[in-house]
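# A structural walkthrough
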Amino acid sequence: MADIYYTKEHEWISVEGDIGTVGITKHAAEQLGDIVFVETPEVGTQVEQGGESGVVESVKAASDVYAPVSGEVVEVNPVVSEDPGRVNEDPEGQGWFYKVKLSNPDELKDLMDKAAYEAFVASEA
Amino acid sequence: MAADSENLKKTPLFALHERLGARMVPFAGYAMPVQYEGIIAEHQHTRESASLFDVSHMGQASLVGPDWETVAAAMERLNPAALKELAPGRMRYGFLLNEEGGIIDDLMVTRPPHEDGRLMVVFNAARKDVDAEALRAVLPEGVELLMHEDRALLALQGPKAEAALARHCPEVADLYFMEAMPAKIAGIDVFLSRSGYTGEDGFEISVPAERAEELAELLLNEPEVKPAGLGARDTLRLEAGLCLYGNDIDETTSPVEAALTWAIGKRRREAGDFPGAARILKELAEGPARKRVGFAIQGRAPVRAGAEVLNEAGEVIGRITSGGFGPTVGGPVAMGYVAAACAEQGTPVTLRSGRREAAATVASPTFTQPGYRRRPKGK
């Protein structure tokens, strides 16, 4: 069972071993509305925790995707670039953005677990 | 989004929007529905069937005076459309101009069929106070501007709008694009026009505020009709190439720059009897310095208002004023202004927003074919 962590910018990362799968949360997808464009980083890119690692655009607005942790991008999901609506359909499953090889697993301590994230979303409303 | 904050005004349909599960946002001082089911679904439904929009935030008003000649002349003091010639039951697009020929607001003027001393007008929500002040400053004695705060405005838009509305009001089949008349729908006195802001056939229905919810529910009960919000209204009008006041036109843009010269009446051009005529006539004769155009954009990334337009030499030649995703087009759509020398369709440009660039060509701002039902010639 993978461990899932959340950021205050509404990304999730599911970690198995030293590989994390990154996407945006269901809450973020709902707030954005119909997603029409996703830009993922290229494989081989070094991302830094809190740094930009892509863009997601809905009909209404553009928003940056921040890297939950530092590391090297090892795989990107072609589905979300080709069919951005899949992010709305399954944001925390098939709508994942990219996989990253964690360079500093200690950074996971900066993130929230599911219960903390849900409380955070409730506090923002 | 603090759409329920106390100082936002509510339209007569506010309770209905909440019941329908709309996402409410602040817009021009009102709490307005931006979407119900989703912008793309509402957009597609409007293009294929019919959607009901609440546009009660817009400013409904009348100029009232002794006869049409007088009220039309009063409106012509700021509006360069030829209005005196307007036949009863017809409407015409126009704008209020400032002394520099800039657009104070764009609006629709209607001559009701059976009421000779009344000119009806709909202002943009964010401009209604400015418009009222500008008009009152030039009204002659005997002509009065009345704001109809006690009325709601519904827009029923889409190719099946007529079928849905005709079940309650068969006369709509005899009304054509840019025509208007009073009517009764299920016992409710309304004023109907065949017009809209989506590029589709459809109607705008002015109704007393206290009957608005009843009318909206009646129309939503028709099988063709679903509610749609301001999000879809924006994507629909953008694909149709229609200007949004505040984005695509404002007090600095002239009608010639905005490619709206068709709205300036022939008689008015010859007389030059409107504010800013010196600039506008010069631009008509010599061409404007910049021009509103559309952009055919490569790739899938939306290009939004504020992006710069660059020529092949990398020089900034213009700016995007409206842009986003066009659900019917299935990709990015945008309009904006470019230097007149670069306004020819097919001119290659680059659209730059921050670090991102998109290749594009200058194109017509009309991305979708209009579905207006025009009166056949000779009828």
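Everything discussed here concerns the structure shown above.
Residues numbered from 1 in each chain as written. Chains lettered and ligands numbered in written order. Predicted model: local features only at pLDDT ≥ 70, side-chain atom pairs only at ≥ 80, totals over all residues. Heavy atoms only, no water.

### A look at empty space enclosed by the protein
Residue and element names in this part refer to chain B.
- Evaluation of the coordinates by the stated rule reveals one cavity of 30 Å³ or more.
- Of the pockets and cavities examined, the largest cavity occupies roughly 60 Å³.
- Around the largest cavity sit L13, L16, H17, L20, Y36, L52, F53, D54, A216, L220 and P227, which together line it.
- Contributions of two or more residues to the lining of the largest cavity are made by α1 (14–19), β4 (50–54) and α6 (212–220).
- A per-element tally of the lining of the largest cavity places β4 first, with three residues.
- Of the residues in the lining of the largest cavity, the class split is nine nonpolar, one polar and one charged. (1 Å grid on protein atoms, 1.4 Å probe; cavity = no way out; pocket = protein on both sides within 12 Å on 5 of 7 lines; lining within 4 Å. Points joined across faces, edges and corners; volume = space filled by probe spheres on them. Helix = DSSP H or I, 4+ residues; strand = E, 2+ residues; numbered from the N terminus. Nonpolar A, V, L, I, M, F, W, Y, C, P; charged D, E, K, R; others polar.)

### With respect to the interface of chain A and chain B
- Listed per partner, the contact involves 17 residues of chain A and 14 residues of chain B.
- Overall, the association of chain A and chain B removes approximately 1,300 Å² of surface from exposure, summing both partners, and the carbon and sulfur fraction of that is 46%.
- Of all residues in chain A, the largest losses of buried area upon contact with chain B belong to V36, V59 and K60 of chain A, amounting jointly to 37% of the total for that side.
- Linking chain A with chain B are four salt bridges, by the criterion used here.
- With its nearest N and O atoms 3.8 Å apart, the salt bridge here joins R355 of chain B to E39 of chain A.
- Taken together, the connections running from chain A to chain B amount to nine residue pairs in polar contact (both at pLDDT 80 or more).
- Among the elements of the structure, α1 (26–32), β4 (35–39), β6 (52–58) and α2 (78–82) of chain A are those that each provide at least two residues to the side of chain A that touches chain B.
- Here the element with the most residues in the side of chain A that touches chain B is β6 of chain A; it accounts for four residues.
- Split into classes, the residues belonging to the side of chain A that touches chain B amount to seven nonpolar, three polar and seven charged. (Contact = heavy atoms within 4.5 Å. Buried area = accessible area lost by both parts, 1.4 Å probe. Salt bridge = Lys/Arg side-chain N within 4 Å of Asp/Glu carboxyl O. Polar contact = N/O pair within 3.5 Å; in protein donor to acceptor, adjacent residues only side chain to side chain.)

### Focus: the sheet that holds strand β3 (residues 19–24) of chain A
Residue and element names in this part refer to chain A.
- The strand order across the open sheet formed by six strands is β1-β2-β3-β9-β8-β5, and the pairing between neighbours is antiparallel. Edge positions in the sheet fall to β1 (3–6) and β5 (46–47), since each of these pairs with one other strand and no more.
- The pairing of β5 with strand β8 (residues 71–76) spans two bridges and is classified as antiparallel. Bridging across to β8, V47 finds its partner in G71. (Pairing = 2+ DSSP bridges.)

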